[in-house]
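Per-entry structural report
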Number of protein chains: 2
Amino acid sequence: MTERPIIGPNPLDPRLTRSVSGRDHTGATVDLRVVEERPLTIFLNSQEVVTAMTIGDYPEYLALGFLRNQGMLGPEETVTGVDYDEELETVVVRTASRTTYEEKVRKKTRTSGCAVGTVFGDMMEGLEGLVLPDTPVRTSWLYALAHQINRMPSLYLEAGAIHGTVLCHQDRPLVYMEDVGRHNAVDKIAGWMMLEKADPADKILYTTGRLTSEMVIKTAMMGIPALASRSGFTAWGVEIARQVGLTLIGRMRGRRFVCLSGDHRLVWDADPELVAEEGSRHRRKGAQDE
Amino acid sequence: MTERPIIGPNPLDPRLTRSVSGRDHTGATVDLRVVEERPLTIFLNSQEVVTAMTIGDYPEYLALGFLRNQGMLGPEETVTGVDYDEELETVVVRTASRTTYEEKVRKKTRTSGCAVGTVFGDMMEGLEGLVLPDTPVRTSWLYALAHQINRMPSLYLEAGAIHGTVLCHQDRPLVYMEDVGRHNAVDKIAGWMMLEKADPADKILYTTGRLTSEMVIKTAMMGIPALASRSGFTAWGVEIARQVGLTLIGRMRGRRFVCLSGDHRLVWDADPELVAEEGSRHRRKGAQDE
C-alpha cells in the first residue's frame, strides 16, 4: 500500500551527509552523521541572482524552481538550458530572450543601485488575479499522507537538521525533497514540476516546516490549491492564504489538525476516532521547525 | 532560583499575536492564536539594505544587530541614530560618516549591478583573524540553562511557529529574543549587546534552532565563544566553528548533548545521572526547527 514516491531523498548518498567526531555529555568520543550545507550561486542568463545554502542534491530543480517562485522566470519564458557546474558551485538558467527580471535589474541599477528590494514586491505581484482550482481535499487523504511521509526513508531520520517538502496527489506522495532550508525543498519541487510539466491543480503540498508567508506565496505561485503541515501558522501566512483562496492546514498531529483558510475544499470523510495516535519517533520527525 | 531575564518575550503583547478562526479535524469551529509576521525594511544611512520578515518587537535591535552581523557596520563606525518608523515599517541606522559597505555597494553598482553576492563573502571576511576567548563552559551551566529556558514565558508556548535565542552568562539567561526567523532573534541580541556595550567574552548563546553556518558565523561575529542548541548540526556549521575555535554544542535533550567543536572549553562538572529527563511539554518547546 505504501508506494515509493517517484523521487525521494537518498539517505545513502555520500555527498549529502558526513561523519563528524565529537564528545558527548559523558565526555566520551562519539561519531555523528551531519547534513552537508554548501553554497550554490544561481544565474539567470548573465545576471547573478542569489547564492543559496543547500545540501546540494538536484541543483537544476532548485535553480529553476527558485527563479519561478520568485517571479523572475515567468511561464511565458522559454528555458533553453540549465547548466550546473559542480566545481564552480553555480547553476546558469538560460532563456531564449532576456527576461523581464533582467530588464528590471538593469533599470533599477541606474536608479537606486540594488535590486534586492524588488524581489518581495514581485512575488506578491505574481499572485494578482490568481485563481486556485476548487479541487476537493479529503481528510482521509491527509491522514494517509502523514502516515506514509512519516515512515519514508529520509535524511532527517539519518542526520536531522533538515526540512522536507512533499508533492502529493490525493493520498499518494509523488516527490519528496529535503534541504537545510525549507524554501529550498519547495523550490526543488517547483523546478521538478516545471521540467515534468506537472499539473498543479489536483496536487497537495506537504511540508515539515512552518506555514509562513513565504511558504504560502510559493505554494500559490506553483498553482497548488492546498498546503498542509505538522507545524504552526504565522498570521500573515494565513492572511495571504485567505486572499488567494489557498487551503491551509496546520498542526497535523495524529488525528488532529486545524484548517485556517480555504476549508470549503475539505471533505471530512474520515472518522478521526479511527486514526491511530503516533509513536514518538514519527512525532519527532514532524516536529522539526515548529 | 529561576531569575527573570533582563529582557524576555512578552507573550501578552497584543501586537505580537492574533486570534484566528478556523475548523479542526472534526469540522468544529476553533480559535487559534498565531504569531504576527511583518516586513521591516532596514536602511544604512540612505542605502536600503534588506526587508526582513519579523514579529516586529525590538526593531532597533534587529536593524543594528543585522548590520553588525552582516559585517556592514564595523565596530569602528559611530552610530549617530536609529530611527524606527512604525507606519512606514522602516528602521534607518545613521552613522557619523559613510560606511565601507555603502562604498562597496556604490562601486559594485558601477560594475555588475547588484550587491547581493557580496554579503556572504563579507561575513566570512569579518571572521578573519578572529580569536575567541578561552572562557570555560561548565556542563552544569548548560543543564541549568536548558532547564530555565524551557520554563520561561514565551510566544512559542502561546502560539508556536517561532524561534528563540537566549544570551546567557554562566548559568543565567540574560536576554531572551524570539522571532519567526531564528536569524532575526540572534540579530536582536546582537543589537542589544551593541547598545548595552555587553562583553561577549564570558557569554554563552542558546538557540532553539539548528546549528547552521549562518548561526555559527553570527555567533562568532558577536565574539561569543560558545553556542548551544537542542537541535542538530550542519557539516558546514561544524567546519566554520572549528576554523574559528567556537564551542558548538547540539542535540541537548535532558541529560544528553553532543559537542562537535571546541570541546577544550568544556568542564564536565555535572553528573548526567542526576539530571532529570524532561516532560513532553518542554520537549516540544525545544524540538522546534530541528
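This paragraph deals with the overall build of chain A. Helix and strand counts for chain A come out as nine helices and 14 strands. For chain A, the residues scored as buried account for 50% of the 290 residues in total. For chain A, long-range pairs separated by at least 24 residues make up 56% of all intrachain contacts whose partners lie at least 6 apart in sequence.

Moving on to helix α1 (residues 59–69) of chain A. Residue and element names in this part refer to chain A. The buried count for α1 comes to ten of eleven residues, which makes it a mostly enclosed element. Considered for burial, the residues of α1 that qualify are P59, Y61, L62, A63, L64, G65, F66, L67, R68 and N69. Buried residues along α1 sit in contact with β3 (38–44), β4 (47–54), β5 (79–85), β6 (90–95), α6 (182–196) and α7 (213–221). Once α1 finishes, G71 follows within two positions and takes phi at roughly 75°, a positive value.

So, about the sheet that holds strand β13 (residues 256–261) of chain A. Taken in spatial order, the eight strands of this open sheet run β9(A)-β8(A)-β10(A)-β11(A)-β12(A)-β13(A)-β1(B)-β2(B), and their pairing is mixed. One side of each edge strand has no neighbouring strand; the edge strands of this open sheet are β9 (172–179) of chain A together with β2 (29–35) of chain B. In this sheet, adjacent strand axes meet at a mean angle of 30° when their direction is disregarded. Here strand β8 (residues 163–169) of chain A pairs with β9(A) via seven bridges, running antiparallel.

Looking now at the sheet that holds strand β10 (residues 203–207) of chain B. Within a sheet, adjacent strands bond to each other through the backbone by hydrogen bonds, running parallel or antiparallel. Overall, mixed pairing links the eight strands, which are arranged β2(A)-β1(A)-β13(B)-β12(B)-β11(B)-β10(B)-β8(B)-β9(B) in an open sheet. Each edge of the open sheet carries a strand with a single partner, namely β2 (29–35) of chain A together with β9 (172–179) of chain B. Mean inter-strand twist for the sheet, computed between neighbouring axes without regard to direction, equals 30°. The pairing of strand β11 (residues 226–229) of chain B with strand β12 (residues 247–253) of chain B spans three bridges and is parallel. Across the sheet, B:L227 pairs through a bridge with B:L248, a residue of β12(B).

Another aspect to go through is the pairing of β9(A). Within β9(A), seven of the eight residues are buried, which leaves the element mostly enclosed by the surrounding structure. Remark: two residues form the turn of the hairpin made by β8(A) and β9(A), two consecutive strands paired antiparallel; A:Q170 in that turn has positive phi of roughly 50°.

So, about the domain arrangement of chain A. Residue and element names in this part refer to chain A. Looking at chain A, the domain boundaries give domain 1 (38–125) and domain 2 (137–287). On the side of domain 2, 18 residues touch domain 1, which itself brings 15 residues to the contact. Of the residues that constitute the side of domain 1 that touches domain 2, the class distribution is ten nonpolar, three polar and two charged.

Let's shift gears to the confidence of the model for chain A. Residue and element names in this part refer to chain A. Of all residues in chain A, 87% have pLDDT values of 70 or greater, and the mean over the chain is 87. Taken as a whole, residues 110–119 scores under 50 in pLDDT and shows 17 contacts with residues more than four places along the chain or in a different chain. Within the model, pLDDT remains below 50 along residues 286–290, and this stretch shows 25 contacts once partners closer than five positions in the same chain are excluded. Both scores are available for the predicted complex, with the pTM at 0.86 and the ipTM at 0.82.

Take the packing of helix α7 (residues 213–221) of chain B against helix α8 (residues 235–244) of chain B next. Residues and elements named next belong to chain B. It is the contact of α7 with α8, at a shortest axis distance of 7 Å, that shows an interaxial angle of 25°. Considering their axes alone, α7 and α8 lie roughly parallel with respect to each other. With respect to the hand of their crossing, α7 and α8 are arranged in right-handed fashion. For the pair α7 and α8, the contacting residues are S213, M215, V216, I217 and A220 in the first and W236, G237, I240, A241 and V244 in the second. Split into classes, the residues belonging to the contact of α7 with α8 amount to eight nonpolar, two polar and no charged.

What follows is about the pairing of strand β10 (residues 203–207) of chain A. Residue and element names in this part refer to chain A. Counted residue by residue, β10 has five buried out of five residues, so it is predominantly covered. Here β10 shows two buried faces, one formed by K203, L205 and T207 and the other by I204 and Y206. Across five bridges, β8 lies against β10 in antiparallel orientation. Of the residues in β10, the one forming a bridge with L167 is L205. Summarising the sheet, β10 and strand β11 (residues 226–229) pair through four bridges and their orientation is parallel. Residue pairing for β11: I204 is matched across the bridge by A226. Traced from β10 through α7 to β11, the parallel crossover comes out right-handed.

Conventions adopted
- Residues numbered from 1 in each chain as written.
- Chains lettered and ligands numbered in written order.
- Predicted model: local features only at pLDDT ≥ 70, side-chain atom pairs only at ≥ 80, totals over all residues.
- Helix = DSSP H or I, 4+ residues; strand = E, 2+ residues; numbered from the N terminus.
- Buried ≥ 20, exposed ≤ 12 C-beta atoms within 10 Å, placed from the backbone.
- Contact = placed C-beta atoms within 7 Å.
- Pairing = 2+ DSSP bridges.
- Axes fitted to C-alpha atoms, helices over the stretch in contact; angles between N-to-C directions.
- Domains from an automatic or database assignment.
- Nonpolar A, V, L, I, M, F, W, Y, C, P; charged D, E, K, R; others polar.
- pLDDT = per-residue confidence, 0-100.
- Parallel < 35°, antiparallel > 145°, perpendicular 65-115°, else oblique.
- Left-handed = near helix turned anticlockwise from the far one by under 90°.
- Right-handed = clockwise from strand over helix to strand, strands pointing away.

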